[in-house]
Amino acid sequence: MMIGSSLRDLARLRDGRRKRVSSYDRSGGNVDSIKIMPGETAVLTDICGAGCITHIWATLACDEIHFLRKVVLEMFWDDEDSPSVEVPIGDFFGMGHGICRNFTSLPLTMSPQDGRAFNCYFPMPFAKRAYIRVKSECSDSPLTLYYYIDYEEYGKPGLASDYARFHATWNRQNPCDGIPDEGMTNEEYEFGGVNLTGEGNYVILEAEGRGHYVGCNLNIHNLRATDRWNWYGEGDDMIFIDGEPFPPSLHGTGTEDYFNTAWCPNQEICTPYHGIIMGGGPNWSGKVTLYRFHIEDPIMFNKSIKVTIEHGHANHRSDDYSSTAYWYQIEPHKRYSNILPVEKRLPRPW
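For clarity, every value in this text was computed on a predicted model and none was experimentally measured.

Draft legend 1. The arrangement of the overall build of the chain in detail. From N to C terminus, the chain includes five helices and 23 strands. Radius of gyration (C-alpha) of the chain: 21 Å, near the 20 Å computed for a compact globule of 350 residues. Reported as C-alpha extents along the three principal axes, the dimensions of the chain are approximately 65 × 45 × 35 Å. Accessible surface for the chain amounts to roughly 16200 Å². Of this, 52% is attributable to carbon and sulfur atoms. Side-chain charges in the chain split into 33 positive and 47 negative, and the spacing between the mean points of these groups amounts to 7 Å.

Printed below as a string of structure tokens:
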């Protein structure tokens, strides 16, 4: 049994059986979707035995604006009672703000038309059971959902013991707790002050146990109304491993640097491991979406991890931040706080 693949591995024989669960029309007709009414939860798959999900494709339609924030994707592994994945469905597939847009990365894509085809290639191993469901918190319109869940089924001896389980969680701070810029020069506001503790940073992930962090997407809505230089991204990433004190093992030099870009970018780019899906408007106004995946450089932890980033240098700025973090760990995982209620998940107007 082998999980994962690459060009170098394609010729290697492997054990297991490839299978799929999908929304195809069981009557033989062409109604190849399911309908989920407001307030309802639909089970997409309940697989028993050992295996690994290798690919998920989905596309959704609903008459409600921002339904991609109103619909929540949940995944459970091996009969756990707390979901390992609990994320608004649009954010899970890499794009926040309640919208979709064409982009391509290695583990996640949104494809034409207009980014409405969602794909996930993160491997998701399980030893006994994989249970995936979608919960609609739309107000009055049904959700139409088409999906594939492709997976490998393993016979004896089952899943090897050294495979961790896939996790994803969503967070939002709207707005971040910054400071007013009255009475300060723009240079003081954007570059002044010090942060020698990491307290007050925006938290992308806080997990306990043993595992490795494999990346995130970060969505920022620039809320500062000014004609002065309005760059949102002077905040450093700070990643604390196994409860270490400040300074952490991983301390960065700026938001754009963590996301592998440079010099206050607003150009949009998609690469396998990092990208800018939305670069914002003039003077970095409006909505921004960034991603960084640690596929070649996962960040290991043995006891805990806290992935944070400043919202502006020394946490001066008060923008709207939201994020999805992706990681693998040995169960049990730290139970997440309940996901924000639907009204607090909705994006701000443009």
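Draft legend 2. Looking closely at the packing of aromatic side chains. Counting across every chain of the model gives 22 aromatic pairs. Ring centres 5.7 Å apart and planes at 45° place the aromatic pair F103 and Y291 in the tilted group. Here Y291 lies in strand β20 (residues 286-293) and F103 lies in strand β7 (residues 103-104), a separation of 188 residues in the sequence. We classify F103 as buried; its relative accessible area is 3%. Among the residues examined, Y291 registers a relative accessible area of 1% and is labelled buried. In textbook terms, an aromatic cluster arises when at least three aromatic residues are bridged by ring pairs, as seen for F92, F93, F103, F118, F122, F166, Y291, F293, Y326 and Y328. Taking NZ or CZ as reference, R26 lies 4.1 Å from the ring centre of Y24, over its face.

Draft legend 3. Looking closely at the pattern of salt bridges. Within this structure, the stated rule accounts for 22 salt bridges. Note that D9 is salt-bridged to R12, the shortest N-O span being 3.6 Å. Across the pair D297 and R292 runs a salt bridge, and its minimum N-O distance is 2.7 Å. Of the residues examined, D297 reaches a relative accessible area of 34% and is grouped as partly exposed. Through salt bridges that share partners, D181, E190, R224, R228, R317 and D319 make up one connected network.

Draft legend 4. Structural view of empty space enclosed by the protein. Under the definition given, this model contains two cavities of 30 Å³ or more. Reported here for the largest cavity is a volume of approximately 70 Å³. Around the largest cavity, the lining residues are L44, I56, A58, L73, M75, I89, F93, I132, L145, Y147 and I149. Elements with a contribution of two residues or more to the lining of the largest cavity: β4 (50-61), β5 (71-77) and β12 (143-154). Top contributing element to the lining of the largest cavity by residue count: β12, with three residues. Residues that form the lining of the largest cavity fall into these classes: eleven nonpolar, no polar and no charged.

Draft legend 5. Region of interest: unusual backbone geometry. Here the bond from F246 into P247 is cis, since omega is 0°, no more than 30 degrees from zero. With omega at 5°, the peptide bond leading from E331 into P332 counts as cis. Take P332: it is sitting in the loop between β23 (320-329) and α5 (342-345). For D78, which is not a glycine, the phi torsion comes out positive at approximately 55°. Residue placement: D78 occurs in the loop between β5 and β6 (85-88). Its identity as a non-glycine residue notwithstanding, D114 has a phi of 55°, on the positive side. Mapped onto the secondary structure, D114 falls in the loop between β8 (108-111) and β9 (117-120).

Draft legend 6. Spotlight on the pairing of strand β15 (residues 211-222). Counted residue by residue, β15 has eleven buried out of twelve residues, so it is predominantly covered. Looking at chain direction, β15 and β23 are connected through ten bridges and run antiparallel. From the neighbouring strand, N217 faces β23, where its bridge partner is T324. Pairing between β15 and β20: eight bridges, direction antiparallel. Bridging across to β20, I220 finds its partner in V288.

Draft legend 7. A look at the sheet that holds strand β17 (residues 250-251). Taken together, the four strands give an open sheet; going across it, the order is β14-β22-β16-β17, and neighbouring strands pair in antiparallel fashion. One side of each edge strand has no neighbouring strand; the edge strands of this open sheet are β14 (202-208) and β17.

Draft legend 8. Structural context of the environment of R129. Here R129 is to be found in strand β11 (residues 129-136). Separated by 95 residues in sequence, R129 and R224 place their C-alpha atoms 47 Å apart. Beyond its immediate sequence surroundings of up to four residues, R129 is in contact with D46, I47, G49, F76, W77, D78 and D79. Reaching out from R129, the side chain makes a polar contact with the side chain of D79 at a distance of 3.1 Å.

Criteria and thresholds
- Residues numbered from 1 in each chain as written.
- Predicted model: local features only at pLDDT ≥ 70, side-chain atom pairs only at ≥ 80, totals over all residues.
- Heavy atoms only, no water.
- Helix = DSSP H or I, 4+ residues; strand = E, 2+ residues; numbered from the N terminus.
- Rg over C-alpha atoms; globule rule 2.2 N^0.38 Å.
- Areas by Shrake-Rupley, 256 points an atom, 1.4 Å probe, with all protein chains shown as cover.
- Lys, Arg positive; Asp, Glu negative; His and termini not counted.
- Charge placed at Lys NZ, Arg CZ, Asp CG, Glu CD.
- Phe/Tyr/Trp six-rings, centres within 6.5 Å; stacked < 30°, edge-to-face > 60°.
- Buried < 20%, exposed > 50% of the residue type's maximum accessible area, 1.4 Å probe, protein only.
- Lys NZ or Arg CZ within 6 Å of the ring centre and 35° of its normal.
- Salt bridge = Lys/Arg side-chain N within 4 Å of Asp/Glu carboxyl O.
- 1 Å grid on protein atoms, 1.4 Å probe; cavity = no way out; pocket = protein on both sides within 12 Å on 5 of 7 lines; lining within 4 Å.
- Points joined across faces, edges and corners; volume = space filled by probe spheres on them.
- Nonpolar A, V, L, I, M, F, W, Y, C, P; charged D, E, K, R; others polar.
- Pairing = 2+ DSSP bridges.
- Contact = heavy atoms within 4.5 Å.
- Polar contact = N/O pair within 3.5 Å; in protein donor to acceptor, adjacent residues only side chain to side chain.

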